[in-house]
Every structure is written in C-alpha cells, then in structure tokens.
Amino acid sequence: MKRLLFPLAALLAAATVHAQEWRTTWYAAPMPSWGAEFALPTMLPAALEGQTVRETLRTSVGGEQVRVTWSNRYGKTPLVIGEARLAATQEHGTQPASFRQSGSGVALTFAGQRSVSIAPGRSATSDAVRLPVAARQRLTVSTWLPQHTPLATFHWGAQQTAFTVGGNHVAAASLSGAQALTGRAFLSAVQVRGPAQRTLVALGDSITDGNGSTPDRNRRWPDQLADQAEGVVVLNAGISGARLLSNGMGEKAIARFEHDVLAQPGVDTVIVMLGINDIGWPGSAFAPQEPPATASAMIAGYRALIAAARARQVRIVGGTLLPFEGALHGTPFAGYHSAAKDRVRHEVNQWIRNSGEFDAVIDFDQHLRDPAHPARLLPAYDSGDHLHPSDAGYAEMARAAALITKQT
C-alpha cells in the first residue's frame, strides 16, 4: 500500500508558496430539484418570494479577500438576488450559528451593483471584498430574494441549518420569526485570496455529504480531514443520493466531474468514493425497475473518471465502499441491501484495492467494518441506519484520509 500512497503524499506535503491566489475554501455541489414522483421529499419549499435566506458555512483555509458564488445551474428562469451580505457567525445560547451573525457584516456587490440577475444555467460570483477570514472559520451568507424564485437548484440535506424570513433582513444580526431550512438554496461556493494552497476535492454521495453526522457541528469526514490537513484546501463535493453511473439526486459522476472537481482553482487531488447507490438503488423504492449493477460497468465508470483526471494532471484517489448489511432496514427502502448486492461491492472493492489504476487508495471499508462481522459497519461507527457512519465513523474516515497527507 505504501507504493500507492507515496505519490499523493509527496504532492500534498509540498511547501506552500507565497503567491496570492484565489482558492475555493468552501463548496456545496449544486443539484437539480425534483417533484413528488421521487421517493424522497426535497424538504424545502417549491419557491421563495420576498424572503431573506441565511446560510452558514465553515471555511477550509483563510485569506485576506473573499467572494461568494450562487448557482442557477438547473433553473428555468432567472435567479434575482436583490441584496447579499457576508458576516462572521456568533454563537448565541442554543440557537444554531446560522441564526445569528456578528453585526451587519459586509455588503456584497456584483460588478459594483448590489443586485444581480443570474440567467438559467449560469452562476454569479460577487465582487471581492476585503475581509480577513481564518481557516475553519464560520461565516454566514444572507441573500434577499425579492421575486418569486423556484428552488430549482439546491443542495439536499446539508447537515447545516439555514433560515428564511419574510422581508429584507440581510443586515440583521438576528432573525426574528425565522423558519428553518434543512438544505441549501443557490449558495454554492466561497473563495478566498491568500497564499496559494493545494486543493483536494472529495467527490462522493451522502457518506461524503455527512448524512448521519450531528447537524451544525461540521463533523462530515471532509470537515474533519480539513482539521488535520494543514496547508491543504479540502472541498466537499458530496451529493446525497449521488451515483457513479446514473443520474438521480444529482448528475452522474462523469457529468459533474468538470464543474464540481476539475474547475476548482488549484485542484491537484480528488478522492472518489462513489458507487454504493449504484449497487443499492436498483430494485429498491429508489429505482424499482432498474436492473442490478455490475462490477464491470462500475469499473468502466471509475476508469472514465481516472482518464478525465489524468488529462488535467489531477491525482485521483479511490476510496473503497463501506459495508452496508442491514442498510435502511425497517424503512420503505429496505431492499437497498442484499447478499447479491454485497458481492458486487466486494468485487468493486477488490478492483479498487488491487488494480493499481488509481494513484492511491484509501481502504475505508477496512477501517470501518466490524472485524467480527465484516459485512456490517462497526457498531461504534454506525449512525444507526447501517449505511451512514456516525460522528466517530466519520472521524475514522478522516484519519484514514489524512494518512495520505502525512506519508513521506
């Protein structure tokens, strides 16, 4: 295994240079909304109008200037932002950090204007503001949506509480009468300008997105990796329900690889942990008519990602798929696991480990499985649904990933 780890370790261990560059310090992969035909609700309103949305994020690295990006990638109509502000958060009793900010923050503009209209399929990035931001600092972004705004582009789940309130309250330190949101609305990236940093992107599904972790505490495994990987930007491009080969809750991996991974400024490494939904969805309530996944098709999908990364001189790391016996048992999605599906997982994991086609391998399966029952997660690492890790499980994943930044 050391042979596989060394090239990536050497890449990440290089000293940070002193040039000032823009780097994405936080990312949420945009995804298209869906209707009642899908097995899961979006848990967000179909549209917002005349409302302020306040969202919290945590940076990976810091810088002296900041700019913010909103996405209308899947919208059919223009996204109109009437006003937006950026602020540091303030912990306040039992209220989530996204509920209260420190003062009124700083106004964000777009080509010098406080409002912007984002065309369907496009994104908009604010002008840079001079605001010193620290590594792993919590920030809020408040967005005023004056017009009827369908939530066609969003990020499901998010493990971070956002809030919405009627009227323009982007400068308010606290929001009175706000309603909680369990996903993200349009906000997709924050960039900082500072000393150049190497950038690592985690491309994955709900396990990378942090489902099962404690909300509002930044305990997803990429968050915890960022705590350990000094001098490395760690970005989370996880989408709950994401798949390697097919669209679903988000586009298939190769379709989103360019904008979620390769387009990130300074990216030199991607960790791919995708495929468990390709295996689990067919025959379940998620995809009842879909034929079973095959290891050969999944391997072809991984090879497409490897080729795309190599063409751009980006190192690509393969993560093995976690054990999932008993996954979602007792829910409407109980058919997610079967012995036949687990055999496909084993075949895929053996290829990831032994093919030598990835530049490095992180054996998440080995780190989190129960030695007494390898088809299951270790109980201490199980969030309870036998599919998603707990906070402790995500910490173990971060430790496993951190090894590739520390090997010399």
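Being a predicted model, the structure only gives us computed values, none of them experimental. (Residues numbered from 1 in each chain as written. Predicted model: local features only at pLDDT ≥ 70, side-chain atom pairs only at ≥ 80, totals over all residues. Heavy atoms only, no water.)

Caption draft 1: Local environment of the pattern of salt bridges. Applying the stated rule across the entire model yields 23 salt bridges. The closest approach of N and O atoms between Glu230 and Arg136, which form a salt bridge, is 3.0 Å. Residue Glu230 is located in the loop between helix 3 (221-228) and strand 20 (232-238), and its partner Arg136 is located in the loop between strand 11 (129-133) and strand 12 (138-145); the two are separated by 94 residues in the primary sequence. You can call Glu230 exposed: its relative accessible area is 57%. When the shortest N-O distance is used, the salt bridge between Asp359 and Arg310 registers 2.9 Å. (Salt bridge = Lys/Arg side-chain N within 4 Å of Asp/Glu carboxyl O. Helix = DSSP H or I, 4+ residues; strand = E, 2+ residues; numbered from the N terminus. Buried < 20%, exposed > 50% of the residue type's maximum accessible area, 1.4 Å probe, protein only.)

Caption draft 2: Structural view of the packing of helix 4 (residues 253-262) against helix 6 (residues 295-311). At a minimum axis separation of 10 Å, helix 4 and helix 6 run at an interaxial angle of 30°. Taken together, the axes of helix 4 and helix 6 are roughly parallel relative to one another. Here helix 4 and helix 6 pass one another in a crossing that is right-handed. Between helix 4, through Ala253, Ile254, Phe257 and Leu262, and helix 6, the contact on the second element is made entirely by Ala304, Leu305, Ala308 and Ala309. Grouping the amino acids of the contact of helix 4 with helix 6 by side-chain chemistry returns eight nonpolar, no polar and no charged. (Axes fitted to C-alpha atoms, helices over the stretch in contact; angles between N-to-C directions. Parallel < 35°, antiparallel > 145°, perpendicular 65-115°, else oblique. Left-handed = near helix turned anticlockwise from the far one by under 90°. Contact = heavy atoms within 4.5 Å. Nonpolar A, V, L, I, M, F, W, Y, C, P; charged D, E, K, R; others polar.)

Caption draft 3: Structural view of the sheet that holds strand 20. A sheet is described by the order of its strands in space; here five strands give the open sequence 20-19-21-22-23, paired in parallel fashion. What marks the edges here is a single partner per strand, and that holds for strand 20 and strand 23 (360-362). The average undirected angle you get between the axes of adjacent strands in this sheet is 20°. Relative to strand 22 (residues 315-319), strand 21 (residues 267-273) runs parallel, the two being bridged by four bridges. Bridge pairing links Val270 to Ile316 in strand 22. This element, helix 3, spans strand 19 (198-204), strand 20 and strand 21 of the sheet and lies at about 180° to strand 20. Against the sheet, helix 4 contacts strand 19, strand 20 and strand 21, and its axis sits at roughly 145° relative to strand 19. (Pairing = 2+ DSSP bridges.)

Caption draft 4: Here's a closer look at the nonpolar core. Ranked by internal contacts, the top residues of the largest apolar core, which has 86 residues, are Trp70, Leu203, Met298, Tyr302 and Tyr336. Among the elements that make up this core, the one with the highest residue count is helix 6 (seven residues). Residues within four places of Tyr336 in sequence aside, it is in contact with Ile276, Asn277, Gly280, Trp281, Ser284, Phe286, Phe324, Ala327, Leu328, Lys341 and Leu387. (Core = buried A, V, L, I, M, F, W, Y, C linked by side-chain atoms within 4.5 Å.)

Caption draft 5: Spotlight on the packing of aromatic side chains. With the rule as written, the count across this model stands at 13 aromatic pairs. With centroids separated by 5.4 Å and ring planes inclined at 65°, the aromatic side chains of Trp34 and Phe38 adopt a geometry described as edge-to-face. Like Trp34, the residue Phe38 is buried in the burial classification. Look at Phe38 and Phe286: their rings are 6.3 Å apart centre to centre, the planes differ by 40°, and that puts the pair in the tilted class. Note that Phe38 is positioned in the loop between strand 2 (31-32) and strand 3 (47-48) and Phe286 in the loop between helix 5 (276-280) and helix 6, a separation of 248 residues in sequence. (Phe/Tyr/Trp six-rings, centres within 6.5 Å; stacked < 30°, edge-to-face > 60°.)

Keep in mind these numbers describe shape, not what the thing actually does.
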